[in-house]
Amino acid sequence: MGPMRNTHTDIGQNERCAIGAVVGAAVGDALGAPFEFLSPGLYLDTFPEPVHTGLCEMIGGGSFDWEPGEFTDDTQMGVALAEAILEQGAYDPDVTWRWFLSWSATATDIGTTTSWSLSHDDWRDVANHPRHSASNGALMRSFVLAVALNSHPDDVIRDVVLHQSSLTHPHPASGWGAWIAVELCRTYMNGEDALARLDDLLALIPASEVDKFAEMLHPSWTPLPRTLNNGSVWGCLAEAVWALRSTSSFEDAVVAAVNL
């Protein structure tokens, strides 16, 4: 595809970055939806060359028979989280919980950990429950927090990201993985090299949680052969960071991730 002309001259760079973060996440999710739960390599087997006509590569289908261009439960939860913040003007766990419950009533797909969490009457019962699963749900919806909280102090961003994660994913690693993703996204939005910040971010994670993140986010790590499922927060984040490291454009990074 050729370069796209910018017709939004009435908005600033920060607004364009915010729109790009949200729309880009939804686009990547919709592109990958038909290939979710299937074998690595299937995307490039299906599309060995880019398709620039018709629906392009937004074919829909997959395990949940998605419409072409329809994004999955992950982006849907991100939208619900964003709506809750817009309604309240700030993060409020009770409002967010209500939006999550409303979404779940008609959702096509809900992850196992999220479904278990939303079966409770109150989010406080989830956060205090001994059952933990370090899955990737809170990480996958976290892109909206990079936009909503970008101008807030670092400690406020950390606390909100960790708390919203605990609503559905009480394992500490789920929250810290989401926080790393938010900080990486914020750094890119602010025009800086996010990957150069990884070591500094890892230094802020509690000692009880940092080792696996440090191992899987190391520049030498590669996703195949797969040693940890990308349904986990560690595998999901590591594969995303690998896709960034191993490519030089949005299109190539998304294709690399979906192909996994």
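Scope of this entry: the structure provided in the associated data block. These figures come from a predicted structure and were not determined experimentally.

This brings us to the overall build of the protein. Along the protein, the regular secondary structure elements total 14 helices and 0 strands. For the protein, the α and β elements follow one another from N to C terminus as α-α-α-α-α-α-α-α-α-α-α-α-α-α. What you see for the protein is a C-alpha radius of gyration of 18 Å, in line with the 18 Å of a compact globule of 260 residues. Its C-alpha atoms give the protein principal-axis dimensions of roughly 50 × 45 × 40 Å.

A few words on the nonpolar core. Residues L145, V161, I180, I205, F213, L217 and L237 are the most contacted members of the largest nonpolar core, which totals 52 residues. For V161, the residues in contact, after removing those within four places along its chain, are L145, L149, G175, A178, W179 and V182. Core analysis: the second largest hydrophobic core is formed by 7 residues, F35, Y43, F47 and V255 among them.

Looking now at the pattern of salt bridges. Enumeration over the complete set of coordinates arrives at 8 salt bridges. For R158, the salt bridge identified is with D159, shortest N-O distance 3.1 Å. Accessibility expressed as a relative area gives 30% for R158, which makes it partly exposed. Its salt-bridge partner being E239, residue R226 comes within 2.9 Å of it at the nearest N-O pair.

Bringing the packing of helix α9 (residues 154-166) against helix α10 (residues 172-189) into the picture now. Their axes nearest at 8 Å, the elements α9 and α10 cross at an angle of 135°. Taken together, the axes of α9 and α10 lie oblique to each other. Note on packing geometry: the crossing formed by α9 with α10 is right-handed. In contact with D154, I157, R158, V161, L162, Q164 and S165 of α9, α10 contributes S174, G175, W176, A178, W179, V182, E183 and R186.

Right, let's talk about unusual backbone geometry for a bit. Across the junction of L224 and P225, the peptide omega takes the value 5°, indicating a cis bond. Looking at the element boundaries, P225 is found in the loop between α12 (207-216) and α13 (233-245). Within the chain, C56 stands out as a residue other than glycine whose phi angle is a positive 55°. Considering the arrangement of structural elements, one finds C56 in the loop between α2 (42-46) and α3 (73-88).

This part is about the environment of E15. Residue position: E15 is located in helix α1 (residues 13-32). Residue class for E15 comes out partly exposed when judged on its relative accessible area of 42%. When the C-alpha positions of E15 and V147 are compared, they lie 9.2 Å apart, and in sequence the two are 132 residues distant. At a separation of 3.1 Å, a polar atom in the side chain of E15 contacts the main-chain amide nitrogen of G12.

A few words on the side chain of T187. By the secondary structure assignment, T187 is in helix α10. Residues within four places of T187 in sequence aside, it is in contact with E192, D193, A194 and R197.

The next point concerns helix α14 (residues 250-258). Taken as a whole, α14 has its buried residues at A253, V254, V255, A256 and V258. On its buried side, α14 packs onto α1, α2 and α13.

A few words on a nonpolar patch on the surface. Nonpolar side chains collect at one region of the surface, where I19, V22, V23, V27 and F250 lie side by side and expose about 400 Å² of accessible area between them. A per-element tally of the nonpolar patch places α1 first, with 4 residues. Tracing the sequence through the fold places V23 in helix α1. V23 sits in the partly exposed class, given a relative accessible area of 46%.

Taking 1.5 Å per residue, 18 residues should reach 26 Å; α10 reaches 26 Å between its end C-alpha atoms and fits that length. In terms of burial, α10 is largely enclosed, as 15 of its 18 residues are buried. G191, located one to two residues past α10, shows a positive phi value of around 80°.

A few words now on the packing of aromatic side chains. Two numbers describe a pair of aromatic rings. These are the distance of the centres and the angle of the planes. Overall, the coordinates contain 7 aromatic pairs when judged by the stated rule. With a centroid separation of 5.4 Å and 55° between ring planes, the pair formed by Y43 and F47 is classed as tilted. The pair Y43 / F47 is uniform in exposure class, with both members buried. On the numbers, 5.9 Å between centres and 55° between planes, the contact of F64 with W66 is tilted. Through successive ring pairs, a cluster of aromatic residues spans F35, Y43 and F47. When the ring centre of W234 is taken as reference, the NZ or CZ atom of K212 above it lies at 4.2 Å.

The rules behind the values
Residues numbered from 1 in each chain as written. Predicted model: local features only at pLDDT ≥ 70, side-chain atom pairs only at ≥ 80, totals over all residues. Heavy atoms only, no water. Helix = DSSP H or I, 4+ residues; strand = E, 2+ residues; numbered from the N terminus. Rg over C-alpha atoms; globule rule 2.2 N^0.38 Å. Core = buried A, V, L, I, M, F, W, Y, C linked by side-chain atoms within 4.5 Å. Buried < 20%, exposed > 50% of the residue type's maximum accessible area, 1.4 Å probe, protein only. Contact = heavy atoms within 4.5 Å. Salt bridge = Lys/Arg side-chain N within 4 Å of Asp/Glu carboxyl O. Axes fitted to C-alpha atoms, helices over the stretch in contact; angles between N-to-C directions. Parallel < 35°, antiparallel > 145°, perpendicular 65-115°, else oblique. Left-handed = near helix turned anticlockwise from the far one by under 90°. Polar contact = N/O pair within 3.5 Å; in protein donor to acceptor, adjacent residues only side chain to side chain. Patch = residues over 30% accessible without salt bridge, like charges linked within 9 Å, V, L, I, M, F, W, Y side chains within 5 Å. Areas by Shrake-Rupley, 256 points an atom, 1.4 Å probe, with all protein chains shown as cover. Expected span 1.5 Å × (residues − 1). Phe/Tyr/Trp six-rings, centres within 6.5 Å; stacked < 30°, edge-to-face > 60°. Lys NZ or Arg CZ within 6 Å of the ring centre and 35° of its normal.

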